[in-house]
Amino acid sequence: QVQLVESGGGLVQPGGSLRLSCTASGSILRLYAMGWYRQAPGKHRELVERISSGSSTNYADSVAGRFTISRDNAKNTVYLQMNKLQPEDTAVYYCHREGVVLTTGRMVNDFWGQGTQVTVSS
């Protein structure tokens, strides 16, 4: 019954900005690490940026200095601020709530949003 709903995607020109939002139902996001992933046509889904329950972050080299993940626990929402967007950033962006990692290395009890399209084009 956990649902993650992304919003804020759209069409933007190169150099522009967008802010994506991920709002949860059925889960208290402050208890979990959250991540933004993206998948471009013909490519694997990749991690864009992650934020822990303690608000430490890590990010992909391709977005360093341009994208910022943050969370507002009072609103049960995670954001991805995207600046200086490039055509290569065009992808479907997904919100991910992490679960737990077993001793085998497998993550369980994690959830994905439906994705929101970001298109960067002139």
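Just so it is clear, the structure is predicted and the values come from calculations on it, not from any experiment.

J.: Please clarify how the state of the cysteines should be interpreted in this entry.
T.: Chemically, a disulfide is nothing more than a covalent bond linking the sulfur atoms of two cysteines. The final tally for this structure, using the stated rule, is one disulfide. What pairs with Cys22 in a disulfide is Cys95, and their sulfur atoms sit 2.0 Å apart. Since a negative S-S torsion denotes a left-handed disulfide, the Cys22-Cys95 link at about -80° is left-handed. Here Cys22, found in strand S3 (residues 18–25), pairs with Cys95, found in strand S9 (residues 91–97); they are 73 residues apart in sequence, far enough to count as distant. We note that Cys22, like Cys95, is buried.

J.: Could you clarify how one ought to interpret unusual backbone geometry in this entry?
T.: When glycine is set aside, most residues are seen to have a negative phi, and most peptide bonds are trans. The residue Asn76 is not glycine, and still its phi comes out positive at about 55°. With respect to the element layout, Asn76 can be found in the loop between strand S7 (67–72) and strand S8 (77–82). Phi is positive for Asn109, close to 65°, though the residue is something other than glycine. Relative to the assigned elements, Asn109 resides in the loop between strand S11 (107–108) and strand S12 (111–112).

J.: What is the right way to read the side chain of Arg71 from this model?
T.: With respect to the secondary-structure elements, Arg71 resides in strand S7. Comment: no salt bridge for buried Arg71; closest opposite-charge side chain is Asp72, at 8.8 Å. Reaching out from Arg71, the side chain makes a polar contact with the side chain of Asn73 at a distance of 3.3 Å. Those residues in contact with Arg71 that lie beyond four places of it in its chain are Leu29, Arg30, Tyr32, Ala33, Met34, Ile51, Ser52, Ser53, Ser55, Thr77 and Val78.

J.: Would you explain the environment of Tyr94 in this entry?
T.: Within the secondary structure layout, Tyr94 lies in strand S9. In this structure Tyr94 comes out as buried when scored by relative accessible area, which is 13%. The spatial distance from the C-alpha of Tyr94 to the C-alpha of Glu6 is 7.1 Å, given a sequence separation of 88 residues. Setting aside residues up to four positions removed in sequence, Tyr94 forms contacts with Glu6, Gly35, Trp36, Tyr37, Gln39, Arg45, Trp112, Gly113, Gln114 and Gly115.

J.: Quick question: what am I supposed to make of the pattern of salt bridges here?
T.: Once their charged atoms are close, side chains differing in charge can pair, the charge on each being opposite to the other. Under the definition given, this model contains four salt bridges. Here Arg38 makes a salt bridge to Asp89, at a shortest N to O gap of 2.9 Å. Note that Arg38 is positioned in strand S4 (residues 34–39) and Asp89 in the loop between S8 and S9, a separation of 51 residues in sequence. Each member of the pair, Arg38 as well as Asp89, is classed as buried. Among the ionic contacts, a cluster of salt bridges with common partners joins Arg38, Glu46, Arg66 and Asp89.

J.: Teacher, can you tell me more about the nonpolar core here?
T.: Note that soluble globular proteins tend to have their nonpolar side chains buried in a common cluster. Counting residues in hydrophobic clusters, the biggest one holds 25 residues, and the most contacted among them are Trp36, Phe67, Val78, Leu80, Met82 and Tyr93. Those elements giving two or more residues to this core turn out to be S3, S4, strand S5 (46–51), S7, S8, S9 and strand S13 (116–120).

Cut-off values and rules
- Residues numbered from 1 in each chain as written.
- Predicted model: local features only at pLDDT ≥ 70, side-chain atom pairs only at ≥ 80, totals over all residues.
- Heavy atoms only, no water.
- Disulfide = S-S within 2.5 Å.
- Helix = DSSP H or I, 4+ residues; strand = E, 2+ residues; numbered from the N terminus.
- Buried < 20%, exposed > 50% of the residue type's maximum accessible area, 1.4 Å probe, protein only.
- Lys, Arg positive; Asp, Glu negative; His and termini not counted.
- Salt bridge = Lys/Arg side-chain N within 4 Å of Asp/Glu carboxyl O.
- Polar contact = N/O pair within 3.5 Å; in protein donor to acceptor, adjacent residues only side chain to side chain.
- Contact = heavy atoms within 4.5 Å.
- Core = buried A, V, L, I, M, F, W, Y, C linked by side-chain atoms within 4.5 Å.

Take it as geometry only, folks, not as evidence of what the structure does.
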